[in-house]
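Architecture and fold: a report
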Amino acid sequence: MPDNLANKIAAGEVVQRPASAVKELMENALDAGAEHIAVLVKGAGSDLIQVSDDGCGMGEEDAVVSFQRHATSKIRSLEDLETILTLGFRGEALASIAAIAQVTLTTSRKHDDHGTKVVINGGDLESVQPIAASAGTSVAVRNLFFNVPARRNFLKRPATELKHIIDTVQVMALSNPRVAFRLVHESNELIDVPSGRDLSQTEALARRLSNLLSLTTPSELIFVEESTSYLTVTGLLGRPDDHRRTRGQQFLFVNTRFVKHRYLEHAVLSAYEYLLPEGAYPLFVLFLDIDPRHVDVNVHPTKAEVKFDDEQGVYGMIRTITRKALRTAEMTPDFLSAMPAAGIALDLGGKEATSSGGSTRSSYETSRTPRHAAEPDKGDWMAAGVQSERLYDTGRLIASDTAGERIATDRPDASEDLLWQLHDTYVLTQIRSGLVIIDQQAAHERILYETARRSLEAGFGLSQQLLFPTTMDFTPGDYTLLEELMPDLKSLGFDIDLQGNRSVVIRGVPADIRAGDDRSILDSMLDQYKSFESIDNLTGKENLARSIARKSAVRAGTRLSHKEMRALIDQLFSCKMPYSSPDGRPTIVKLSVDELRKRFGQGS
Ligand code: ADP
Ligand code: MG
């Protein structure tokens, strides 16, 4: 394959859009040890991208060679090679960019008496000349994608491409707080942050963050520095009162690579619980350092995805570390010590959640701790949930989040529990420091969601048999979907038979479905599934768990008995993530006595 063509193909991989070229060129500048990096852009990167640095520069020979595919000065050992190969596109950036643009490189080393200028056009070397140049390198990329019209047409609106470039420079500037960065588009200076060579890494980062995000002073930030045997977390957290309306100012780096990771972002967010108003997000920059064996970074140039071998463990650590930092900064209300006032009766009598069920479940049955079914209360929608919940107790990791532990403490006399229901929608209870308000529907969704996830993971869930099996007909599309979801539906506790002629016999439904809902649940869940699929792009188990939670959660406007409220709180705090519904709505709002006092004008 002619090299030119190979480069053009590789270019598609490496350079998806102008911002990718900016990123590659800046990375080269950093690799060259630059202290100042300037990025000049015209036409949102389509007309010109010029990255200049004061790094080590290159001699004439290297300057020419640098455009050859797999030319890299950065592989020194076999080990290097291995890591680099996993990165997949080492030594390809310059070659790729040059294949699809007109590139002028000027470069000079510190003690050279002249520099070198190399011009390459669509991959063809046009000229190499000596020039006068100061130490460093400047790469000008003109008319990116000029010979790949498909790609050029594929670009988004200039404003969008420019936004990608700004984001790219911003992320670079955050992960290299001691290097000065400038970004100029046409004649607008968009970013200009000074070098922090004389500062410590954290000082530099604090200043960088406040410069970039225009905070008034770095003292508005909270330092994080914590190590476990598994990972090290360093960085900065924004103060709770300096929150944002979007997630746009959350920066997570894993082994220096910027990643977007909703789950871990949530770990940080959840540590801010009660500190932020609804719909607000903290700002943070966190660097996770973790043995590469525990992470799988998908370094496809356009994606920044990462997977950990112990995702939940990392979630827990980040949350704990963030909490600790916030608490040290004395900003977390001590919910933990406030909780015990709400004692919990675990002794809710439940109905036998599994009736004749399937034989697969019987082995699991035996592991169930015998519970005194003091008040078998068959009508209780919540009781069934309690029962199934309990089955998992043994295996459940009690989170380091002590709120859960404390609230689950048995208290012999539950009759004194102060529990109220407001508008048949919110459950109110007293804690030592004030009042807790629980959104019953959101809370129940959380509970059902986690139960469903566990059932799906374990491959079986509790079922309640219908007294009278029903037969329902489905549309061909729904029927196919049912076929596809069949194994997971079984795991959830559905006992259904597909009859082949689009009709389905329902013999049993998951145990925590409320009585009365049992016949319609399959149908309404399927509808929800489809809508989550098309609107939120949810698939498979996650979608199923959310669908069933959404469809069978107790609605706002449903009167709850004292016992049901108690069970709701109990189960909520046994959840892994009690503070938000599966789709991120808060389940709990706390109102402290202090706040009340203030509102009543009694000062603090
Ligand atoms: P890689 O960075 O993976 O080595 P590139 O194609 O990005 O591959 O760059 C090829 C080579 O060109 C680098 O290994 C480096 O030696 C040289 N080079 C590129 N940009 C610069 C720069 N700004 N300053 C000094 N050397 C550079
Ligand atoms: Mg490079």
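One structure accompanies this document, and this report is about it.

Our focus in this paragraph is the packing of aromatic side chains. Throughout the structure, instances matching the rule amount to 5 aromatic pairs. A centroid spacing of 6.1 Å and a plane angle of 45° characterise the contact between Phe251 and Phe258, whose relative ring orientation is tilted. Under the relative-accessibility criterion, Phe251 is labelled buried at 4%. Residue classification places Phe258 among the partly exposed positions, given a relative accessible area of 23%. On the basis of an interplanar angle of 15° and a centroid distance of 4.7 Å, the ring pair of Phe253 and Phe287 is categorised as stacked. On the criterion of sequence distance, the pair formed by Phe253 in strand β11 (residues 250-254) and Phe287 in strand β13 (residues 284-290) is long-range, its members being 34 residues apart. For the pair formed by Phe253 and Phe287, the shared burial category is buried. By way of ring pairs, the aromatic residues Phe251, Phe253, Phe258 and Phe287 are connected into one cluster. In this arrangement the basic side chain of Lys156 is found over the ring face of Phe154, its NZ or CZ atom lying 5.4 Å from the centre.

All right, on to the nonpolar core then. Ranked by internal contacts, the top residues of the largest apolar core, which has 56 residues, are Met26, Ile37, Val141, Leu144 and Phe181. The biggest single contributor to this core is helix α2 (residues 18-31), with 7 residues. Residues within four places of Leu144 in sequence aside, it is in contact with Val15, Arg17, Pro18, Ala21, Gly45, Ser46, Ile49, Ile100, Ala101 and Arg152. Residues Leu252, Phe284, Phe308 and Met317 belong to the second largest nonpolar core, which totals 32 residues.

Most of β11 is tucked away: 5 of the 5 residues are buried. Here β11 shows two buried faces, one formed by Gln250, Leu252 and Val254 and the other by Phe251 and Phe253. One ladder, built from 5 bridges, connects β11 with β13; its direction is parallel. Looking across to β13, one finds that Val254 is bridged to Leu288. Sheet topology note: the β11/strand β12 (residues 257-259) ladder contains 3 bridges and is antiparallel.

This brings us to the environment of Val505. The topology assignment puts Val505 in strand β21 (residues 503-510). C-alpha separation for the pair Val505 and Met472, spaced 33 residues apart in sequence, amounts to 6.5 Å. Each residue touching Val505, except ones within four places of it in the same chain, is listed here: Pro469, Thr470, Thr471, Asp495, Ile496, Asp497 and Gln499.

A word on the side chain of Gln440. In this fold, Gln440 is placed in helix α15 (residues 440-458). Every residue in contact with Gln440, bar those within four places of it in the chain, is listed here: Gln421, Asp424, Thr425, Tyr426, Val427, Val554, Arg555, Ala556, Gly557, Thr558, Leu560 and Leu568.

Within the structure shown, the criterion is met by 25 salt bridges. Arg546 is the partner of Glu542 in a salt bridge, and the nearest nitrogen-oxygen pair spans 2.9 Å. Pair noted here: Glu542 and Arg546 are both in helix α18 (residues 540-552), with a separation of 4 residues, about one helical turn. As far as the burial class goes, Glu542 and Arg546 line up, both buried. Salt bridges sharing common partners tie together Glu445, Arg550, Asp583 and Arg585.

So, on to helix α17 (residues 521-535). Between its first and last C-alpha atoms α17 spans 21 Å; for 15 residues at 1.5 Å apiece the expected length is 21 Å, and the two agree. What α17 keeps buried is the set Ile521, Leu522, Met525, Leu526, Gln528, Tyr529 and Phe532. For α17, the angular spread of buried residues about the axis comes to 165°, placing them on one side. Residues Ser534 and Ile535 are exposed on α17 and point more than 90 degrees away from its buried face. At its buried positions, α17 is contacted by α16 (476-492), β20 (495-498), β21 and α18. Looking at the residues trailing α17, positive phi occurs at Asn537, about 60°.

What counts, and where the lines are drawn
- Residues numbered from 1 in each chain as written.
- Chains lettered and ligands numbered in written order.
- Predicted model: local features only at pLDDT ≥ 70, side-chain atom pairs only at ≥ 80, totals over all residues.
- Heavy atoms only, no water.
- Phe/Tyr/Trp six-rings, centres within 6.5 Å; stacked < 30°, edge-to-face > 60°.
- Buried < 20%, exposed > 50% of the residue type's maximum accessible area, 1.4 Å probe, protein only.
- Helix = DSSP H or I, 4+ residues; strand = E, 2+ residues; numbered from the N terminus.
- Lys NZ or Arg CZ within 6 Å of the ring centre and 35° of its normal.
- Core = buried A, V, L, I, M, F, W, Y, C linked by side-chain atoms within 4.5 Å.
- Contact = heavy atoms within 4.5 Å.
- Pairing = 2+ DSSP bridges.
- Salt bridge = Lys/Arg side-chain N within 4 Å of Asp/Glu carboxyl O.
- Expected span 1.5 Å × (residues − 1).
- Arc of directions from axis to C-beta.

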